Amino acid sequence: MSAITTEVPPFERASSTERVLECEELRVGYDGHALLPGVAFSLHTSQLWAIVGDNGSGKTTLLKTLLGLQSPLSGELRWQERDRVGYVPQRARLDLSAPARVIDVVRGGVDRGWSFLNPFHINKHREAIAQAMRDTNTEQLAEQMFSHLSEGQKQRVLMARALASEPSVLVLDEPTSAMDMQAEHDVFTLLDRLRHVRQIAIMLVSHHLPVVAEFATHVLLLDRECDMVLAGPIEKIASEHRCRARYGRILQEGIERRNAHLCSLDDGHDHIHGHDHDHDHDHDYDHGHDHTHSHDCGHDHHHAHSHSHSNEEEE
Amino acid sequence: MEGDDSQVSADEFEALANALEEDEAETSGDGSGAEAPEPSPDASAPDATQPEHAGTPELSHGHDLTHHHDHGAELLSGDPGFVDPEMSLSTFFNSWDLFGDSAMAGAVAGGLLGFLGVYVVLRRMVFLSAALSQTASLGIVVAFFLQISLGVGFISPLLGALIATFTAIVALTLGVSQDRRDSMLGFVFLLGASGTILLGTRIVQEIQDVQTLLFGTAVAVVPGDFKLLTGIAAVIGALHLAGWRGFVAVVFDSEDARVRGLPTRVIELTLLMTIALAVSVSTRVLGAMPTFAFSVLPGMAALRIARNIQRALWLATILGAIAGFTGYLFAFLFELPVGASQAFVALACIPFAEVVHRIKIALAKSP
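Calculation rules
Residues numbered from 1 in each chain as written. Chains lettered and ligands numbered in written order. Predicted model: local features only at pLDDT ≥ 70, side-chain atom pairs only at ≥ 80, totals over all residues. Heavy atoms only, no water. Pairing = 2+ DSSP bridges. Helix = DSSP H or I, 4+ residues; strand = E, 2+ residues; numbered from the N terminus. Axes fitted to C-alpha atoms, helices over the stretch in contact; angles between N-to-C directions. Contact = heavy atoms within 4.5 Å. Buried area = accessible area lost by both parts, 1.4 Å probe. Salt bridge = Lys/Arg side-chain N within 4 Å of Asp/Glu carboxyl O. Core = buried A, V, L, I, M, F, W, Y, C linked by side-chain atoms within 4.5 Å. Buried < 20%, exposed > 50% of the residue type's maximum accessible area, 1.4 Å probe, protein only. pLDDT = per-residue confidence, 0-100. Phe/Tyr/Trp six-rings, centres within 6.5 Å; stacked < 30°, edge-to-face > 60°. Arc of directions from axis to C-beta.

A few words now on the sheet that holds strand 8 (residues 169-173) of chain A. Residues and elements named next belong to chain A. The strand order 7-8-9-5-10-11 describes an open sheet built from six strands, whose pairing is mixed. Two strands close off the open sheet at either side, each with one partner strand: strand 7 (85-88) and strand 11 (228-233). Taken pair by pair, the neighbouring strands of this sheet meet at an average axis angle of 15°, ignoring direction. Two elements, strand 10 (residues 218-223) and strand 11, share six bridges in a ladder whose sense is antiparallel. Paired with Leu220 across the bridge in strand 11 is Ala231. Sheet contacts for helix 1 (residues 59-66): strand 5 (48-53), strand 7, strand 8, strand 9 (201-206) and strand 10; angle to strand 5, the most-contacted strand, approximately 140°.

Right, let's get into the interface of chain A and chain B. Listed per partner, the contact involves 34 residues of chain A and 25 residues of chain B. Summed over both sides, the interface between chain A and chain B buries roughly 2,600 Å², with carbon and sulfur atoms accounting for 52% of that surface. Taken as a group, Leu69, Pro99 and Phe116 of chain A account for 25% of the area that chain A buries against chain B, more than any other trio of residues on that side. Taken together, chain A and chain B are joined by five salt bridges. When the shortest N-O distance is used, the salt bridge between Glu255 of chain B and Lys64 of chain A registers 3.1 Å.

Moving on: the nonpolar core. By size, the foremost hydrophobic cluster in this structure holds 132 residues, and its most contacted members are Leu170 and Leu191 of chain A together with Leu128 and Ile275 of chain B. Looking at this core, the element that brings in the most residues is helix 5 (residues 96-122) of chain B, giving 16 residues. Apart from the residues within four sequence positions on either side, Leu191 of chain A is in contact with Leu48, Met159, Leu170, Leu172, Ile202 and Leu204 of chain A. The next biggest cluster of nonpolar side chains, apart from the first, holds 28 residues, and it includes Val20, Val28, Leu62 and Leu222 of chain A.

This brings us to the confidence of the model for chain A. Residues and elements named next belong to chain A. Overall, the predicted model of chain A reaches an average pLDDT of 77, with 76% of residues at or above 70. Element-level mean pLDDT values for chain A span from 36 in helix 11 (residues 304-307) up to 95 in helix 2 (residues 102-107). In the predicted structure, residues 270-315 sits below a pLDDT of 50 and forms 109 contacts with residues beyond four places in sequence or in another chain.

Residues and elements named next belong to chain B. Under the definition given, this model contains 16 aromatic pairs over all chains. Judged by centre distance (5.9 Å) and plane angle (35°), the rings of Phe127 and Phe292 are tilted. Here the residue Phe127 occupies a position in the loop between helix 5 and helix 6 (128-150), and Phe292 occupies one in helix 13 (residues 288-294), the gap between them amounting to 165 residues.

Turning next to the pattern of salt bridges. For the structure shown, the criterion picks out 19 salt bridges over all chains. For Arg198 of chain A, the salt bridge identified is with Asp135 of chain A, shortest N-O distance 2.6 Å. Pair noted here: Arg198 of chain A is in the loop between helix 6 (181-197) and strand 9 and Asp135 of chain A is in helix 4 (residues 126-135), with a separation of 63 residues, a long-range link. The salt bridge partner of Arg304 of chain B is Glu354 of chain B, with a shortest N-O separation of 2.9 Å.

Residues and elements named next belong to chain B. Every buried residue of helix 9 (residues 207-214) is accounted for by Val210, Gln211 and Leu214. Summarising the axial view, the buried residues of helix 9 lie within an arc of 90°, below the 170-degree limit, and thus occupy one face. Here the buried face of helix 9 lies against helix 6 and helix 12 (264-286).

In structure tokens:
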């Protein structure tokens, strides 16, 4: 049995309590017209926030405002100065007529600011690129054309691109759209693992409440019909009376599924641990999972144990 | 595209015509039987008195005509519809100092525009060169109009063209989202075209100068223009080599580039400015048709074959340069209009790329 890898990836790690983003009464919309009531929340490292809501509820508008792609109508939005945001756009928005191999796409994510003028910048980040590809299990796709990949593979490549610049926050716009359930589950499993291994904060937009409830630590629930925005830990939102009627059951089921799953993992702890070792020695991305064992069957347990090899399969 | 590569400036043409008359008088005097060439059958040529065959060297270089008269007479002797390729090829290279600048201008413009054309195609701006030509026309017409009607003389026609072109570029970069840029190109094109015609009715005598100022001729590139083109190509090439990762990032996914803090506006503006500069200079030196062809076709072909944008950039540069040079050479060998010949060779890049693409697929599928 191989020993588990415990080395820390060569990027700076934040403490688990560090705040990366804070919003206060942030209003978003177009042409002076607010789509939503004021939004207030704080994003910390190692949290996974899901922005959920119906079509047209303002999820992507909020995300673009948070990313600085669009100006807020009012309110405050504060990123920490040293924050580095990695962005994974909707795949449908990318122009696939531009030829690119997977390795080209990932390398393309390294530059920040004016670093593109430095011809040696990519050389300095070779290890970060390799690590990003290992973390997303895309190494074997390196020479393939990006446009020829399956949706799940494309998503992993775009994540690798975002990770190549060693971000402290990963922001994803509908990462599982046009995916089947298994592929969707794999993507969330991967995100959950990245959140723990790299201790980065993750914020994503999703339509799919059941899988969100299973993996997210926090939810930003947008409901234009009720002119309501709820933000907070997922258990708290699930029990919120304004949410219960419409979303409560789905969220609660997801939470229960996760808790049941984690309890079963703890019951078979020794066996699973050993099992992981067999699979993980080839992949650095599961290192550091030890800290999850200190959790009880609570909500912040990550899923690397049981799904660590699910992404190895070619889609 | 009016005023395509059959245009020569008035002074150049006068010098060429005088030299030709003297030349013909000498030839008929010694009884060699050499005949003047047939006028170009090219329908796009606005003036049949300005033939544009590369194989009629007396038209190509009035500045050096007498020195190379023997080669020209050799080419023009016998059946005008038949030229011995081998002999003409050797003639072409033996007369390099006569044809070299023009042929190399085609190669340089083809290479430069081929390179930039990758971005033009990827950004869905294939009508940029056409729109910019019309905008420049409007700038010149406005400058003439200001001079004649209002007595405002400090804006020269070329300055007017530059101001109009760069205003259009800034508007396209800063004022319009990428999604609307294609339709905005149509707006710019029509504004330039209709504005030129409308204002042209007020400056009837000067309207011919607009064409002369804007559109060069690929058949007769004067050394000054060749140096200008080469210098511009070197500057633009250096700029793009230094910042290629930024240009590629913005073209591939500008939203992601913005999130990563890349100066996307500066990069976009630089990209469009360099394209505008290359298109303007190439149009001035070679004419509109080869410029349009070089700015679209090699890029299209390269993007079909290459496995990433970097390789597409190099491939398009090579294809464009080959099209520019061989287009001129074919025009010389077969007495064709140079601009059309260069455009036609550039067109051939597309089926070539398709064949290569299909071969690559077949090879990839084979065990």
